Amino acid sequence: MNKHRQNPFIHAMRGILETARTERNFKIHLICAIVAVAAGSWFRLSTSDWLWITFCIALVFALELLNTALEAVVDLLSPASHPLAKKAKDAAAGAVLIGAIFALIVGASIFLPKLGHFFFD
């Protein structure tokens, strides 16, 4: 079949679903996203708060997908342990960590005041 006639969204969805099925950290991020969306619905977030929350969710998912892709390519090209392979994998994991910390900071700045009002007002 001609590659140009294939639907790229099918391949993209397959990549997302396969990563969600096989990667523990993606599952953790997915659970956190579900909790954030549920909490956002409960607290009736403003539009700007929703934009920040959805940006953070998309950012962390995208970084996790890129990390998974990079790890797969590195494992394919360098099945044996190699310092440059480790460096690439560690850098990609670091990118995910930075995104997750950013998401945590944004989430805390949005939800902590709302939780304070809920419990103490």
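Residues numbered from 1 in each chain as written. Predicted model: local features only at pLDDT ≥ 70, side-chain atom pairs only at ≥ 80, totals over all residues. Heavy atoms only, no water.

### A short note on the overall build of the protein
Where we set the bar: Each helix is a run of DSSP H or I of at least 4 residues and each strand a run of E of at least 2, with the numbering of both proceeding from the N terminus. To get the radius of gyration, use the C-alpha atoms; to get the globule rule, take the number of residues to the power 0.38 and multiply by 2.2 Å. Exposed residues in this analysis have more than 50% of their type's maximum accessible area, buried residues have under 20%, and partly exposed residues fall in between, with area computed by a 1.4 Å probe over protein chains only. Contacts: residue pairs with any heavy atoms within 4.5 Å of one another. Exposure was quantified through the Shrake-Rupley algorithm and a 1.4 Å probe, taking into account, for residues, occlusion by the shown protein chains and nothing else. Lys and Arg are tallied as positive, Asp and Glu as negative. Neither His nor the chain termini are counted. Each charge is placed at NZ for Lys, CZ for Arg, CG for Asp and CD for Glu.
Broken down by element type, the protein carries 4 helices and 0 strands. Along the protein, helices and strands appear, N-terminal first, in the series α-α-α-α. For the protein, whose C-alpha radius of gyration is 18 Å, the value lies well above the compact-globule estimate of 14 Å for 121 residues. The C-alpha extent of the protein, read off along each of the three principal axes, is 60 × 40 × 20 Å. The burial tally for the protein puts 22% of its 121 residues in the buried class. For the protein, restricting intrachain contacts to residue pairs at least 6 apart in sequence, the fraction spanning at least 24 positions comes to 71%. When the accessible surface of the protein is split by element, carbon and sulfur atoms take 72% of a total near 8,900 Å². Where the 11 positive side-chain charges of the protein centre and where its 8 negative ones centre are 7 Å apart.

### A few points about the packing of aromatic side chains
Basically, it comes down to this: By convention, a stacked pair of Phe, Tyr or Trp rings (six-membered ring in the case of Trp) has centres within 6.5 Å and planes under 30 degrees apart, an edge-to-face pair has planes over 60 apart, and any other such pair is tilted.
Tallied over the full model, the rule gives 8 aromatic pairs. Ring centres 6.3 Å apart and planes at 80° place the aromatic pair Trp-42 and Phe-118 in the edge-to-face group. Residue Trp-42 is located in helix α2 (residues 24–42), and its partner Phe-118 is located in helix α4 (residues 83–120); the two are separated by 76 residues in the primary sequence. Each residue in the set Trp-42, Phe-43, Phe-111, Phe-118 and Phe-119 is aromatic and connected to the rest through ring pairs, giving one cluster.

### Here we look at a nonpolar patch on the surface
Our working definition: Without a salt bridge and with relative accessible area above 30%, a residue can belong to a patch; like charges are then joined within 9 Å and nonpolar side chains (Val, Leu, Ile, Met, Phe, Trp, Tyr) within 5 Å. We define a salt bridge as a contact between a side-chain nitrogen of Lys or Arg and a carboxyl oxygen of Asp or Glu at a distance within 4 Å.
Together, Trp-42, Leu-112, Leu-115, Phe-118, Phe-119 and Phe-120 make up a nonpolar patch on the protein surface, roughly 760 Å² of accessible area in all. Sort the elements by how many residues they give to the nonpolar patch and α4 lands first, with 5 residues. Along the chain, the position of Phe-119 falls in helix α4. A residue is classified by how much of its surface remains accessible, and Phe-119, at 57% relative accessible area, is exposed.

### So, the layout of surface pockets
Here is the rule: Put plainly, a pocket is an open set of points on a 1 Å grid over the protein atoms alone with protein on both sides within 12 Å along at least five of seven lines, a cavity is a set where a 1.4 Å probe fits but cannot get out, and a lining residue has an atom within 4 Å of a point. Grid points are joined across faces, edges and corners, and a volume is the space filled by probe spheres set on the points.
Computed from the structure, the largest pocket encloses a volume of approximately 540 Å³. In terms of lining, the largest pocket is formed by 23 residues, of which the most central are Cys-32, Ala-33, Ala-36, Ala-103 and Leu-104. Of all the secondary structure elements, the ones that give two or more residues to the lining of the largest pocket are α2, α3 (47–77) and α4. Of all the elements, α4 adds the most residues to the lining of the largest pocket, at 10 residues. Reported here for the second largest pocket is a volume of approximately 150 Å³. Breaking the lining of the second largest pocket down by element, the ones donating at least two residues are α2, α3 and α4. Ranked by residues supplied to the lining of the second largest pocket, first place goes to α4 with 4 residues.

Shape is all these values report; function is a separate question.
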